[in-house]
Amino acid sequence: MKDLEFEQKRTLSRSEAADQLDALAAALRRGGRAELDLGPGTLTVRIPDELRTEIEVELEDGEIDLEIELSWRTEQPDRTAEDEADEADEADEADEADEADD
C-alpha cells in the first residue's frame, strides 16, 4: 500500500517546463527539506545526499514520452537496542524451528 501518491498532468510552455525543472534541480542541489511548487499547492520532501535515478524515453505513435524518476528511501525511525534484541531472538527461534524440521 502506498503512503502517498500525487500525480499531476498539465500542459506547459517550454519555458514553464524549464522553470519547473530548474526549481527541482535547485532543490536537489540544496538537499535537506525541499519545497516543490505543484500548482495548486506545495509539497515538502526531504532529499537525501544519495538517490536512485531512472530516465526512460519512449517513441510510440509519433509521440515522445520522456520520464525522469528520482527515488530514495524515507528515513526509518531509530531502532533501539531492545528492538534489535527482539529481532535477534525471533531469528534464533526461526533457526531452531528449521533445525527441528530437518
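As a reminder, the structure under discussion sits directly above these lines.
Described below are features of the structure shown in this document. (Residues numbered from 1 in each chain as written. Predicted model: local features only at pLDDT ≥ 70, side-chain atom pairs only at ≥ 80, totals over all residues. Heavy atoms only, no water.)

Let's talk about the pattern of salt bridges
Opposite charge on two side chains permits pairing when their charged atoms draw close.
So, point 1. In this structure the tally under the stated criterion is one salt bridge.
So, point 2. The shortest N-O distance in the salt bridge between Lys9 and Glu7 comes to 3.5 Å.
So, point 3. Since its relative accessible area comes to 56%, Glu7 is described here as exposed. (Salt bridge = Lys/Arg side-chain N within 4 Å of Asp/Glu carboxyl O. Buried < 20%, exposed > 50% of the residue type's maximum accessible area, 1.4 Å probe, protein only.)

Description of the environment of Glu67
So, point 1. If you trace the backbone, Glu67 turns up in strand β4 (residues 63–71).
So, point 2. Look at Glu67 and you get partly exposed, because its relative accessible area is 36%.
So, point 3. The spacing of Glu67 and Val57 is ten residues in sequence and 6.5 Å in space, taken between C-alpha atoms.
So, point 4. Residues within four places of Glu67 in sequence aside, it is in contact with Glu54, Ile55 and Glu56. (Helix = DSSP H or I, 4+ residues; strand = E, 2+ residues; numbered from the N terminus. Contact = heavy atoms within 4.5 Å.)

A look at unusual backbone geometry
So, point 1. The phi dihedral of Asp61 is positive, around 55 degrees, even though this residue is not glycine.
So, point 2. Examined against the element boundaries, Asp61 turns out to sit in the loop between β3 (52–60) and β4.

Topic: the pairing of β3
So, point 1. When you tally the buried positions in β3, you get zero out of nine residues, a small fraction of the element.
So, point 2. Inspection of the sheet shows β3 paired to β4 by nine bridges, in the antiparallel sense. Across the sheet, the residue bridging to Glu54 is Glu69, located in β4. (Pairing = 2+ DSSP bridges.)

Observations concerning a nonpolar patch on the surface
So, point 1. A cluster of nonpolar side chains, namely Ile55, Val57, Leu59, Ile64, Leu66 and Ile68, defines an oily patch on the protein surface of about 690 Å² accessible area.
So, point 2. Elements with a contribution of two residues or more to the nonpolar patch: β3 and β4.
So, point 3. By the secondary structure assignment, Ile64 is in strand β4. (Patch = residues over 30% accessible without salt bridge, like charges linked within 9 Å, V, L, I, M, F, W, Y side chains within 5 Å. Areas by Shrake-Rupley, 256 points an atom, 1.4 Å probe, with all protein chains shown as cover.)

Considerations on the pairing of strand β2 (residues 42–47)
So, point 1. Relative to β2, strand β1 (residues 32–37) is paired through six bridges, and the arrangement is antiparallel. Opposite Leu36, over in β2, you have Leu43 as the bridge partner.
So, point 2. Hairpin connection, β1 to β2: the antiparallel pair is bridged by four residues, and Gly39 has positive phi, about 85 degrees.

What about a negative patch on the surface?
So, point 1. On the surface, a cluster of negative charge is made up of Glu54, Glu58, Glu60, Asp61, Glu63, Asp65, Glu67 and Glu69.
So, point 2. Of all the elements in the fold, those that place two or more residues in the negative patch are β3 and β4.
So, point 3. With four residues, β4 is the single largest residue contributor to the negative patch.
So, point 4. Here Glu54 lies in strand β3.
So, point 5. Overall, Glu54 belongs to the partly exposed group, its relative accessible area being 39%. (Lys, Arg positive; Asp, Glu negative; His and termini not counted. Charge placed at Lys NZ, Arg CZ, Asp CG, Glu CD.)

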